[in-house]
Amino acid sequence: MAGADLPVLIVGDVHGDIERLFAALKPYPATEWHTIFLGDLVDYGAYGVGCLRYARDRLNTDVILGNHEVAMLWALRDPTRIGFFITIGGQQHDLDELRSDGPLQEWLKTRPLMIKLADGTLAQHCGNDDYRLLLADDLSDDLSDPVDRINSAATLVLEAGNADLLWQVMSGKGAFATQPERLERWLKLTGCRRVVFGHTPHRNSTPARYHHSKAINFDGGLSRSHRMYRRGAPLAASVAPLEP
Ligand SMILES: [Mn+2]
């Protein structure tokens with residue numbers, strides 16, 4: 001994992017707004033932070049692929065897949081999905097850009113769905129436990145880490161071109177904010193003490209905390225192009241240090 005000994009900076013859904021991303025990252029030099037992008041860097045805004053390239057190349061940085069990256073990879077592989085991709089904010093020029101950049105495609109397809117930090121924090125895109133569906137075909141005597149198994153399953157699924165399964169897993173509503181028992185089960189299954197996620201814009205001025213900060217939402221609606229953008233939404237609602 002990148003920058004394991006640095007303090008952790010979490011970045012919520014960027015959705016193509018590279019200007020607000022750069023403004024939000026200004027107080028946090030890449031050399032001093034372990035940066036984790038929670039996915040959905042693309043769509044709505046004009047610079048989705050630019051955001052992907054920036055995140056890929058930023059020092060000490062990890063990038064997790066969001067459902068919008070999955071939809072983009074799906075449209076890349078299956079032209080009948082381009083219409084759907086456009087309806088969820090997909091940008092044709094970004095799709096064309098990704099199509100012409102094989103190494104970027106390979107990098108994107110092999111990003112994890114979740115990262116488990118040494119301090120017991122789980123970082124993932126969606127605020128729910130639907131990822132467990134990727135464990136369904138698991139052998140019951142497989143005692144390896146469920147987080148590793150989910151990430152391996154996702155990579156296999158994408159390599160096989162089966163993005164629709166991943167889309168199903170990752171397009172559901174958040175559940176942790178309102179269902180603490182589901183959160184507890186998920187933390188127990190994954191062996192973590194808290195989970196950070198994005199995917200559904202919150203309306204706080206800082207990341208939205210639930211259940212004694214065992215669940216924290218970093219999607220502060222950063223992108224001015226997102227349908228739920230609020231004028232004046234603070235950058236710190238989406239990009240903030242993770243407290244120890
Ligand atoms: Mn999302």
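Please read all numbers here as calculations on a predicted model, not as lab measurements. Each residue is numbered by its place in its chain's sequence as written, counting from 1. Owing to the predicted nature of the model, reporting of local features is limited to residues with pLDDT of at least 70; listing and counting of side-chain atom pairs is limited to 80 or more, with chain, interface and lining totals taken over all residues.

Draft legend 1. Region of interest: the nonpolar core. Judged by nonpolar contacts, the single largest core of 64 residues is most densely connected at Ile10, Ile36, Leu38, Ile64, Met114 and Val195. Put simply, DSSP marks the helices as runs of H or I at least four residues long and the strands as runs of E at least two long, and each gets a number from the N terminus on. In terms of residues, this core owes the most to one element, helix α3 (residues 67–77), which gives six residues. We call two residues in contact when their backbone-placed C-beta atoms lie within 7 Å. Leaving out residues up to four positions away in the same chain, Val195 has contacts with Leu122, Gln124, Phe176, Trp186, Leu187 and Ala215. By definition, a nonpolar core groups buried Ala, Val, Leu, Ile, Met, Phe, Trp, Tyr and Cys residues that connect through C-beta atoms lying within 7 Å of each other. Any residue whose C-beta has 12 or fewer other C-beta atoms within 10 Å is treated as exposed, any with 20 or more as buried, and any in between as partly exposed, C-beta atoms being built from the backbone.

Draft legend 2. Structural view of the sheet that holds strand β9 (residues 239–241). One open sheet accounts for four strands, arranged β3-β2-β1-β9; its pairing is mixed. One side of each edge strand has no neighbouring strand; the edge strands of this open sheet are β3 (61–63) and β9. Each neighbouring strand pair of the sheet contributes to a mean axis angle of 20°, computed without reference to strand direction. When DSSP locates at least two bridges between a pair of strands, those strands are taken to pair. Pairing of strand β1 (residues 8–11) with β9 involves three bridges; the strand directions are antiparallel. Paired with Leu9 across the bridge in β9 is Pro241. Think of each axis as a best-fit line through the C-alpha atoms, taken over the contacting stretch in the case of a helix, with angles from 0 to 180 degrees between the N-to-C directions.

Draft legend 3. Region of the structure containing the pairing of strand β6 (residues 194–197). Across the two faces of β6 the burial is the same, with Arg194 and Val196 and Val195 and Phe197 all buried. As paired strands, strand β5 (residues 121–124) and β6 are joined by three bridges and run parallel to one another. When the bridges of β6 are listed, Ala123 appears paired with Val196. Where β6 meets strand β8 (residues 215–217), three bridges bridge the pair, whose relative direction is parallel. By the bridge assignment, Val196 is partnered in β8 with Ile216.

Draft legend 4. Main features of the sheet that holds β6. Taken in spatial order, the five strands of this open sheet run β4-β5-β6-β8-β7, and their pairing is mixed. Looking at strand neighbours, the two that pair on one side only are β4 (114–116) and β7 (208–210), the edges of this open sheet. On average, each strand axis in the sheet is inclined to that of its neighbour by 15°, with strand direction left out of account.

Draft legend 5. Expanded view of helix α7 (residues 146–159). Helices are assigned an expected span. That span is 1.5 Å times one less than the residue count. The end-to-end C-alpha separation of α7 is 20 Å, in line with the 20 Å expected for 14 residues at 1.5 Å each. For α7, the complete set of buried residues consists of Pro146, Val147, Ile150, Asn151, Ala153, Ala154 and Leu158. Viewed end-on, α7 has its buried residues packed into an arc of 160°, placing them on one side of the element. In α7, the exposed residues that point more than 90 degrees away from the buried face are Asp148, Leu156 and Glu159. Where the residues of α7 are buried, they touch α3, α6 (102–109), β4, α8 (163–170) and α9 (180–190). In the stretch just after α7, Gly161 is the one whose phi turns positive, near 80°. Arc definition: directions from the helix axis to the C-beta atoms.

Draft legend 6. Local environment of the packing of α3 against helix α5 (residues 92–99). With their axes 10 Å apart at the nearest point, α3 and α5 run at an angle of 70° to one another. When the interaxial angle is binned, α3 and α5 end up roughly perpendicular. Once α3 is placed against α5, the crossing between them reads as right-handed. The residues of α5 that touch α3, namely those facing Met72, Ala75 and Leu76, are Leu95, Leu98 and Arg99. We call two directions roughly parallel when the angle between them is under 35 degrees, roughly antiparallel when it is over 145, roughly perpendicular when it lies between 65 and 115, and oblique otherwise. Two helices crossing with the near one rotated counterclockwise from the far one by less than a right angle form a left-handed crossing, whereas a clockwise rotation gives a right-handed crossing.

Draft legend 7. Quick peek at the packing of α7 against α8. Contact pair α7 / α8: the axes reach a minimum separation of 8 Å and the direction vectors enclose 135°. As far as their axial angle goes, α8 and α7 are oblique. Contacts from Ala154, Val157 and Leu158 in α7 reach Ala163, Leu165 and Leu166 in α8. When residues are grouped by polarity, Ala, Val, Leu, Ile, Met, Phe, Trp, Tyr, Cys and Pro land in nonpolar, Asp, Glu, Lys and Arg in charged, and all others, Gly among them, in polar. Counted by class, the contact of α7 with α8 contains six nonpolar, no polar and no charged residues.

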